[in-house]
Amino acid sequence: MIVTQRDKALFEKLHSYAVMTTRQVANTVFPGIELTTTLRRLRKLERDNFIKRNTGLSTYEHSWTLTEKGAKLVSDRPPRWQQSRYLLEHDTKLTALRLALESAGVAQSWIPEHEIRFKVASRHGLEVAKDKLIPDGIMGVDWQGSKESIAIEVELHGKNSRRYFRNFHQYKYKQNILGVWYLTPTPTLARTIEKLWIREVGMNRKPFFYWSLIDEVIEKPLEAIVRSGKDRNALPLIWRPGGALAKLN
């Protein structure tokens, strides 16, 4: 099988995004091409073990991840670890969020969770890395004319308060990030998390706490509302589309 430049572009996307649905692949790598044609190519790449198909989404759509064989053609790093079917909804939603923010120019850089985990493990070792706080991503933004970093947390279901407090305690001392942005499906879940954040961290110090409804951001990012305490602003009024560099120490 001859691997084309477009195939390699797909491998690079999957290496960075970790998992993408068929429609996400079609829109970003195969724009203007019939979906059936895109699917035929994906199946050929799957047959030759460059990519792997995943099932289990509530929409019944397939999602795709990169194999080690595919990763070797575009990177010296292995692909993300085995994709858990229990995290498919979360991970494809995270991909949709990232694509929307990058397309709108709000996310001017993005370090995905699996790359952060790799860096932490390389620096501290695997055992120590297990206890380190790893966000879903670090987004670079333009905030009041300066380059800042925002920790992204996609929260589709609530956790117990003890786990939140443990994470918030670690966030409390990360002065190298501007804030933590929780993306939730409902205001009730977001406000519950915010109350726990206030108890552990407070509201008038870095890192700041932000929350938004994830579907609003995915559908119309430049019209979405970002909330923090009593503040309520349109997303581009807080993080101006431009250029930034994000990193996590």
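Residues numbered from 1 in each chain as written. Predicted model: local features only at pLDDT ≥ 70, side-chain atom pairs only at ≥ 80, totals over all residues. Heavy atoms only, no water.

*Asks:* What is the right way to read the pattern of salt bridges from this model?
*Replies:* Once their charged atoms are close, side chains differing in charge can pair, the charge on each being opposite to the other. If you walk through the whole model with that rule in mind, you get seven salt bridges. We note a salt bridge from Asp142 to Arg240, for which the minimum N-O separation is 2.5 Å. Residue Asp142 is found in strand β5 (residues 137-143), and its partner Arg240 is found in the segment after α11 (235-238); the two are separated by 98 residues along the sequence. Residue class for Asp142 comes out buried when judged on its relative accessible area of 7%. Since its relative accessible area comes to 46%, Arg240 is described here as partly exposed. For Glu155, the salt bridge is made with Lys159, and the minimal N-O distance between the two is 2.6 Å. (Salt bridge = Lys/Arg side-chain N within 4 Å of Asp/Glu carboxyl O. Helix = DSSP H or I, 4+ residues; strand = E, 2+ residues; numbered from the N terminus. Buried < 20%, exposed > 50% of the residue type's maximum accessible area, 1.4 Å probe, protein only.)

*Asks:* Mind showing me how you'd approach the pairing of strand β8 (residues 208-213) here?
*Replies:* Sheet faces and side chains relate simply in a regular strand, where the side chains alternate between the two faces. Most of β8 is tucked away: five of the six residues are buried. Bridge count for strand β7 (residues 179-184) against β8 is six bridges, and the pairing is parallel. In the strand pairing of β8, Thr184 is matched with Leu213. Each parallel crossover has a hand, and for β7 linked through helix α9 (residues 187-200) to β8 it is right-handed. (Pairing = 2+ DSSP bridges. Right-handed = clockwise from strand over helix to strand, strands pointing away.)

*Asks:* Where do I start with the pairing of strand β3 (residues 63-66) in this structure?
*Replies:* Where burial is concerned, the two faces of β3 agree: the one with Ser63 and Thr65 and the one with Trp64 and Leu66 are both buried. Pairing between strand β1 (residues 20-21) and β3: two bridges, direction antiparallel. Looking across to β3, one finds that Thr21 is bridged to Ser63. With four bridges joining them, strand β2 (residues 51-54) and β3 adopt antiparallel strand pairing. Directly across from Arg53, in β3, lies its bridge partner Trp64.

*Asks:* So what exactly am I meant to see when it comes to the packing of aromatic side chains here?
*Replies:* The geometry of an aromatic ring pair comes down to the distance between the two centres and the angle between the two planes. In the structure shown here, the tally under the stated rule is nine aromatic pairs. Considering the side-chain rings of Trp197 and Phe209, the 5.3 Å spacing of their centres and the 45° angle between planes classify their relative orientation as tilted. Taken as a pair, Trp197 in helix α9 and Phe209 in strand β8 lie far apart in primary sequence, 12 residues in all. For the pair shown, Trp197 and Phe209 are each scored as buried. Taken together, a centroid distance of 5.1 Å and an interplanar angle of 75° make the contact between Tyr210 and Trp239 edge-to-face. Taken as a pair, Tyr210 in strand β8 and Trp239 in the segment after α11 lie far apart in primary sequence, 29 residues in all. (Phe/Tyr/Trp six-rings, centres within 6.5 Å; stacked < 30°, edge-to-face > 60°.)

*Asks:* Sorry if this is basic, but what is going on with the environment of Gly137 here?
*Replies:* Mapped onto the secondary structure, Gly137 falls in strand β5. With a relative accessible area of 0%, Gly137 lands in the buried category. Non-local contacts of Gly137, meaning those with residues more than four positions away in its chain, are made with Trp110, Ile111, Pro112, Glu113, Ile116, Ile150, Ala151 and Ile152. (Contact = heavy atoms within 4.5 Å.)

*Asks:* I'm lost on unusual backbone geometry in this one. Help?
*Replies:* Peptide bonds are, in most cases, trans, and in most cases residues other than glycine have a negative phi. With omega at -5°, the peptide bond leading from Lys206 into Pro207 counts as cis. Structurally, the position occupied by Pro207 is in the loop between α9 and β8. Residue Ala18 is not a glycine yet carries a positive backbone phi of 80°. Considering the arrangement of structural elements, one finds Ala18 in the loop between α1 (5-17) and β1. Of note, Gln144 is a non-glycine position whose phi angle comes to about 55°, a positive value. In this structure, Gln144 sits in the loop between β5 and β6 (146-154).

*Asks:* What exactly am I supposed to notice about the sheet that holds β1 here?
*Replies:* Within a sheet, each strand pairs with its neighbour through backbone hydrogen bonds, oriented either parallel or antiparallel. Taken together, three strands build an open sheet; the order of strands is β1-β3-β2 and the sheet is antiparallel. Each end of this open sheet is capped by a strand with a single partner; those strands are β1 and β2. Lying over the sheet, helix α3 (residues 35-47) contacts β2 and β3, oriented at roughly 115° with respect to β2. (Axes fitted to C-alpha atoms, helices over the stretch in contact; angles between N-to-C directions.)

*Asks:* Can you help me understand the nonpolar core in this one?
*Replies:* Across soluble globular proteins, you tend to see nonpolar side chains buried next to one another. If you look at the biggest cluster of nonpolar residues, it comprises 24 residues, and the most contacted ones within it are Leu101, Met139, Ile150, Ile152, Trp181 and Trp239. Listing elements by their share of this core, those giving two or more residues are α5 (88-104), β5, β6, β7, α10 (214-219) and α11. With four residues, α5 is the largest single contributor of residues to this core. Beyond its immediate chain neighbours, meaning those up to four positions away, Ile152 contacts Leu94, Leu97, Trp110, Pro135, Asp136, Gly137, Met139, Trp181 and Leu183. Counting residues in hydrophobic clusters, the runner-up holds 22 residues, among them Ile111, Leu133, Tyr182 and Phe209. (Core = buried A, V, L, I, M, F, W, Y, C linked by side-chain atoms within 4.5 Å.)

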